[in-house]
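Structure assessment
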Amino acid sequence: MTATPTAPSRWGLTFPLDGIPLAGQRALVESLPDLGFTDLWSMETAGADAFTPLALASVWAPQLQLGTAIVPVHTRGPALLAMQAAALAEAAPGRFTLGIGASSPVIVQDWNAIPFEQPFQRSRDVLRFLKAAFTGEAVTEEFTTFSVRRFRLDRVPAHTPPVLLAALRPGMLRLAAREADGTILNWLSAQDVRTARAEFDAAAGPDHGKQVVARIFVCPTEDADYARALGRRLIAAYLTVPAYAEFHRWLGREEQLKPLWENWAAGDRKAAAASVPDEVVDALIVHGAPESCREQLGAYVENGVTVPVPALLPTPGQGAEALAAAIKSVSPS
């Protein structure tokens, strides 16, 4: 297998990067187009918000496509979310994609003090509201999870941003296929992409041309013990979230991850992480030499990802020089 046997026209990177201040990342961002990157995709957990880093990047490297992966649908009011997305779409005409998703109870409820209720319905309602708001027409609607009265965007972007919906299991994948402009995948192996795409494509119909973005965790080091230890900790933290646990049951990892879930439920976090098998870590975390990392990323493309978005994990090296080397290791060429 070659590194990217069916290389996509787009290749992203998760931004901002860890290890150096946001204001100090301009030179790295400016270098990305020359390395073959076409996209930057932000995330929103407990670090930077999803929009501010992309606003900076829109000026630093105006060649790059920009996207959020993801903005939670509960943590902003519908109108504010539409306004923020429209502002970035205006600042980066034709280059911004809005990715939204249900997020998790920890982010929504524990950190933002907002009830994590009806995630599927809220995602559907926000998606429908945004599609209506971006037309510039007034929106008055009684959605299942919220109501909007007489909202109209004062600044309608000339280029309507595509809206992607993050999805794990069949229901959300089918919703994304039917009503969004594409989907965003997360925490899955290259082989798992086929399972997700089967559901998505069946609902989207033939030759749909919709985007399938995937955030892919990459630890670019040949120290397999280090990468697997880090991977186990991340898997224990993420795949014990109920939605991700159900996702991996659906993907067929019930027996492999049962000890993780049992130990986590018993309060033994250390045993939970230690119980994750090497084969699960190796399936979900790309690691190895640069050539191996590119080959593994290429497998995601082969299986149906149209915009791979590596998310760099910390490696034993530190500083801007080590970060630049890590970026090169996940570049498309």
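Refer to the structure above for everything that follows.
Just so we're clear, the structure is a prediction, and the values are computed from it rather than from any experiment.

Assigned secondary structure in the protein chain consists of 14 helices and eleven strands. Whereas a compact globule of 333 residues would reach a radius of gyration of roughly 20 Å, the protein chain reaches 19 Å, a difference of no more than 12%. Residues counted as buried form 52% of the 333 residues belonging to the protein chain. Contacts in the protein chain between residues at least 24 apart in sequence constitute 73% of all its contacts with a sequence separation of at least 6. Carbon and sulfur atoms make up 51% of the accessible area of the protein chain, which amounts to about 14,300 Å² in all. Across the protein chain, 29 positive and 35 negative side-chain charges occur, with their mean positions spaced 5 Å apart.

For the rest of this paragraph, the subject is the side chain of Arg122. As for its placement among the helices and strands, Arg122 is situated in helix H5 (residues 119–133). Despite its burial, Arg122 pairs with no opposite charge; the closest candidate is Asp125, at 7.1 Å N-O. Setting aside chain neighbours within four positions, we find Arg122 in contact with Val73, His74, Arg76, Pro78, Glu117, Thr145 and Phe146.

In this section: the environment of Pro314. Within the secondary structure, Pro314 sits in the loop between strand E11 (307–312) and helix H14 (319–329). By relative accessible area, Pro314 is classed as partly exposed at 45%. Along the backbone, Pro314 and Ala57 are 257 residues apart, and their C-alpha atoms lie at a distance of 22 Å. In this view, Pro314 contacts Cys219, Tyr226 and Leu230; residues no more than four positions away in its chain are not counted.

Let us now look at the pattern of salt bridges. Should the charged atoms of two oppositely charged side chains come close, the side chains can pair. Under the counting rule described, the total for this entry stands at 15 salt bridges. Across the pair Arg76 and Glu44 runs a salt bridge, and its minimum N-O distance is 2.8 Å. Placement of the pair is Arg76 in the loop between strand E3 (71–72) and helix H3 (78–91) and Glu44 in the loop between strand E1 (39–42) and helix H2 (52–60), with a sequence separation of 32 residues. Residue Arg76 is classed as buried on the basis of its relative accessible area, which comes to 11%. Among the residues examined, Glu44 registers a relative accessible area of 14% and is labelled buried. Among the ionic pairs, Asp278 bridges to Arg228, the shortest N-O distance being 3.9 Å. Taken as a pair, Asp278 in helix H12 (residues 278–284) and Arg228 in helix H8 (residues 224–238) lie far apart in primary sequence, 50 residues in all.

Looking along the chain, the bond that leaves Phe15 and enters Pro16 is cis, with omega of 5°. In this fold, Pro16 is placed in the segment before helix H1 (26–31). Of the consecutive residues Ala69 and Ile70, the connecting peptide bond is found in the cis state with omega at 10°. Along the chain, Ile70 turns up in the loop between strand E2 (65–68) and E3. Phi angles above zero are rare outside glycine, and Gln118 is one such case at about 45°. Inspection of the secondary structure assignment puts Gln118 in the loop between helix H4 (105–111) and H5. For Gln118, a relative accessible area of 39% gives the class partly exposed. Unlike most non-glycine residues, Arg150 shows phi in positive territory, near 55°.

Calculation criteria
Residues numbered from 1 in each chain as written. Predicted model: local features only at pLDDT ≥ 70, side-chain atom pairs only at ≥ 80, totals over all residues. Heavy atoms only, no water. Helix = DSSP H or I, 4+ residues; strand = E, 2+ residues; numbered from the N terminus. Rg over C-alpha atoms; globule rule 2.2 N^0.38 Å. Buried < 20%, exposed > 50% of the residue type's maximum accessible area, 1.4 Å probe, protein only. Contact = heavy atoms within 4.5 Å. Areas by Shrake-Rupley, 256 points an atom, 1.4 Å probe, with all protein chains shown as cover. Lys, Arg positive; Asp, Glu negative; His and termini not counted. Charge placed at Lys NZ, Arg CZ, Asp CG, Glu CD. Salt bridge = Lys/Arg side-chain N within 4 Å of Asp/Glu carboxyl O.

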